[in-house]
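# Coordinates in review
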Amino acid sequence: MGRSLPPHRIGTGCAVLLAVAFTGVQLTAVTGRDSPDSRNYISHALSLSGESRARATARTIDYVCADPGGGRLTWIPWTADTSAAETADECGKRLTASAAYWLEHGNTSGMTGPFLNHRYMAIFEARPGYPLLLVPFVSVFGLAWGIWLAGLAVTLAGSLLVLAALRVAGAPWPAALCGQALYLALPTGTTAMRPMSDGLAMAGAATVVLGATLALNGRRRAGPLVVTGGAVLVFVTRYSQALLLTAALTVALAALVGHRRLRRRPLRPAADLLVLCALLTAAMYAAALLLGWPGGEESVQDLLTDHYRIPDVADPWRRFLEQELGFWPAWFRLQLADPVLLLALGLSAWALVRRPSSFGLVAAATAAAGVLNQAGHPNPAMATGPRLIVLVWFLPVLVLPTLGRRRTGAPPTRRLPGRPGPPAGGRSESPAQHP
């Protein structure tokens, strides 16, 4: 009889099969996923690839208007962004006229196309990460296939980073593969495939989760390096989301360190990770100021003036708070009508209370960053989609796969000569599994 394959080879093979299956499903809609913001990122990428602004704008319009509505799939939520009654020619004329209008009204420079006023486009100028990712893909494969392949790459990368984080946290292969599958099947995967910055930002957030898990498991060099790399990736992609993520982790780790101090337990490595996240938050905030990127008040004015189409409002923070208070009741009513997210969050919260762990705390902090991002955009028109709050799905993605485990522990490790191994019949415990 032949020898059975080791678990890591079986697990790796299953991860590849999941990736192949996901790719096959996504081939059913190579185009038709764009949204109004997609044109800003695509024109930015084309400008970075060396094309003139006028040429980048024209090619972006051709991509956006190709087969509007005709080839879109009704079971993919974002395929109805363009009216099916509008032909490609009508769409092209409309967007070309709009670009000409904004050129005449001051939007005469920048890397993005003149699809709206210059003040609004400055928000996308401050997000170079995703356009930079697109450049090699669209240069080699063209717009349609290049954009699709870039989305596929970041989506699969995010799912594999989730799998790696679960394995580092001590989850067995079946649980880690479940996390990968959830990432691909839930709005994390579907949102990441859109031609926007969200997929790359989520891959960066998953990198931060992996790095934090490594750090909490005693990897004092690899962990901080991975956290820093992931935070920088999110920063150049969506810097406000990076600030929220590291700030949420700072608060969560401060609570963890305080809990350990009260329990008279060792403060490291949680204290080291706390300092790192606090420093990253401060450094990224300072960098955004130095680069002159739009800040919080500018974002509030964007919200209250319909992308600066009307004059700035006086006392914007009071108006913002009023809109915030009205947004969340409407959001909860929508969730009650389709309670998948609320049920997933409730089950995840129950699992965390039942079996608290520092890994669960990292997952909760990542999800909190998604809630904070949605809170920064209390626009009722945005309440129906998962995009702004998408990081909240990291909680069920990372926590639900561990529900069936009766016992926590790290993957078996090879015992070094002269060092004691785990108890007979047991497994060495992972520090990330304990608060």
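The structure contained in this document is the topic of the report that follows. Please read these numbers as outputs of a predicted model, since none were measured by experiment. (Residues numbered from 1 in each chain as written. Predicted model: local features only at pLDDT ≥ 70, side-chain atom pairs only at ≥ 80, totals over all residues. Heavy atoms only, no water.)

Let us now look at the overall build of the chain. A count of helical and extended segments in the chain gives 17 helices and zero strands. Burial status across the chain gives 50% buried among its 435 residues. Counted over contacts in the chain with a minimum sequence separation of 6, partners at least 24 positions apart contribute 70%. For the chain, the accessible surface area stands at approximately 20400 Å², while carbon and sulfur atoms represent 65% of it. (Helix = DSSP H or I, 4+ residues; strand = E, 2+ residues; numbered from the N terminus. Buried < 20%, exposed > 50% of the residue type's maximum accessible area, 1.4 Å probe, protein only. Contact = heavy atoms within 4.5 Å. Areas by Shrake-Rupley, 256 points an atom, 1.4 Å probe, with all protein chains shown as cover.)

Right, let's talk about the nonpolar core for a bit. Membership of the largest hydrophobic core comes to 81 residues, with the highest contact counts inside it found for L273, F394 and L398. Apart from residues lying up to four places away in sequence, F394 is in contact with Y183, T188, M202, A205, A206, V209, A363 and T366. In terms of nonpolar packing, the next biggest core, distinct from the first, is built from 29 residues, I61, V64, C91 and V138 among them. (Core = buried A, V, L, I, M, F, W, Y, C linked by side-chain atoms within 4.5 Å.)

Relative orientation of the contacting elements helix α9 (residues 198–216) and helix α10 (residues 222–237) amounts to 160 degrees, with a least axis distance of 7 Å. Judged by the angle between their axes, α9 and α10 are roughly antiparallel. When the axes of α9 and α10 are compared, the crossing they make is left-handed. For the pair formed by α9 and α10, the contact residues are L200, A201, G204, A205, T207, V208, L210, G211, A212, L214 and A215 on the first element and G223, P224, V226, V227, G230, A231, L233, V234 and T237 on the second. (Axes fitted to C-alpha atoms, helices over the stretch in contact; angles between N-to-C directions. Parallel < 35°, antiparallel > 145°, perpendicular 65-115°, else oblique. Left-handed = near helix turned anticlockwise from the far one by under 90°.)

Before going further, it helps to spend a moment on empty space enclosed by the protein. One pass over the structure, following the stated rule, counts three cavities of 30 Å³ or more. Here the second largest cavity defines a volume of roughly 80 Å³. Considering the residues around the second largest cavity, the lining is formed by D198, A201, M202, R238, Q241, N373, R387, L388, V390 and L391. At three residues, the largest contribution of residues to the lining of the second largest cavity is made by α9. Each residue belonging to the lining of the second largest cavity can be placed in one class, and the counts come to five nonpolar, two polar and three charged. (1 Å grid on protein atoms, 1.4 Å probe; cavity = no way out; pocket = protein on both sides within 12 Å on 5 of 7 lines; lining within 4 Å. Points joined across faces, edges and corners; volume = space filled by probe spheres on them. Nonpolar A, V, L, I, M, F, W, Y, C, P; charged D, E, K, R; others polar.)

This part is about the pattern of salt bridges. Enumeration according to the criterion identifies ten salt bridges in this entry. A salt bridge links D198 to R387; the shortest N-O distance between them is 3.6 Å. Pair noted here: D198 is in helix α9 and R387 is in the loop between α16 (358–375) and α17 (394–399), with a separation of 189 residues, a long-range link. Per residue, the accessibility class of D198 equals that of R387, and both read buried. The shortest N-O distance in the salt bridge between R318 and D315 comes to 2.9 Å. Looking at D315, the relative accessible area reads 42%, which means it is partly exposed. The network of salt bridges with shared partners includes D37, D198 and R387. (Salt bridge = Lys/Arg side-chain N within 4 Å of Asp/Glu carboxyl O.)

Here we come to helix α6 (residues 129–168). Between its terminal C-alpha atoms α6 stretches only 27 Å, short of the 58 Å expected from 40 residues at 1.5 Å a residue. The axis of α6 is deflected most strongly, by about 130 degrees, at G142. (Expected span 1.5 Å × (residues − 1). Bend = angle between axes of the 7 residues up to and from the residue.)

A few words now on helix α3 (residues 53–65). Taking 1.5 Å as the rise per residue, α3 with 13 residues should run 18 Å; its terminal C-alpha atoms sit 18 Å apart, in good agreement. When α3 is considered as a whole, its buried residues turn out to be R53, A56, T57, T60, I61, Y63, V64 and C65. Looking at the buried side of α3, the elements it contacts are α2 (38–48), α4 (88–104) and α6.

Applying the stated criterion to the full structure yields 13 aromatic pairs. Considering the side-chain rings of W331 and F332, the 5.0 Å spacing of their centres and the 85 degrees angle between planes classify their relative orientation as edge-to-face. You can call F332 partly exposed: its relative accessible area is 42%. Connected via pairs of aromatic rings, a cluster forms that spans Y41, Y120, F124 and Y130. The ring of F115 is capped by R39, whose NZ or CZ atom sits 5.9 Å from the centre of that ring. Directly above the ring of F124 sits R127, whose terminal nitrogen or CZ lies 5.1 Å from the centroid. (Phe/Tyr/Trp six-rings, centres within 6.5 Å; stacked < 30°, edge-to-face > 60°. Lys NZ or Arg CZ within 6 Å of the ring centre and 35° of its normal.)

Right, let's get into the packing of α2 against α3. Helix-helix packing: each pair is described by the crossing angle between the helix axes and the interaxial distance. Following both chains from N to C, one finds α2 and α3 inclined at 135 degrees, their axes separated by 9 Å at the closest point. By the angle between their directions, the pair α2 and α3 is classed as oblique. Of the two possible hands of crossing, α2 and α3 adopt the one that is right-handed. Facing α2, whose interface residues are R39, I42, S43, L46 and S47, α3 presents R53, A56, R59, T60, Y63 and V64. Looking at the contact of α2 with α3 residue by residue, the classes come out as five nonpolar, three polar and three charged.

Summarising the element assignment, G92 is placed in helix α4. Each C-alpha atom of the pair G92 and A58 lies 8.8 Å from the other, and the pair is 34 residues apart in sequence. In this view, G92 contacts I61 and C65; residues no more than four positions away in its chain are not counted.

By secondary structure assignment, the location of T246 is in helix α11 (residues 239–262). Take T246: its relative accessible area is 2%, and that puts it in the buried class. Those residues in contact with T246 that sit more than four places away from it in its chain are A231, C277, L280, T281 and M284.

On the surface, L27, V140, F141 and W145 cluster together into a nonpolar patch covering about 430 Å² of accessible area. On the secondary structure map, L27 appears in the loop between α1 (7–26) and α2. (Patch = residues over 30% accessible without salt bridge, like charges linked within 9 Å, V, L, I, M, F, W, Y side chains within 5 Å.)

Note that N117 resides in the loop between α4 and α5 (118–125). With a relative accessible area of 10%, N117 lands in the buried category. Polar side-chain contacts of N117 include one of 2.8 Å to the backbone nitrogen of Y120. For N117, the side chain forms a polar contact with the main-chain oxygen of H307, separated by 2.8 Å. Non-local contacts of N117, meaning those with residues more than four positions away in its chain, are made with W102, N107, H307 and Y308. (Polar contact = N/O pair within 3.5 Å; in protein donor to acceptor, adjacent residues only side chain to side chain.)

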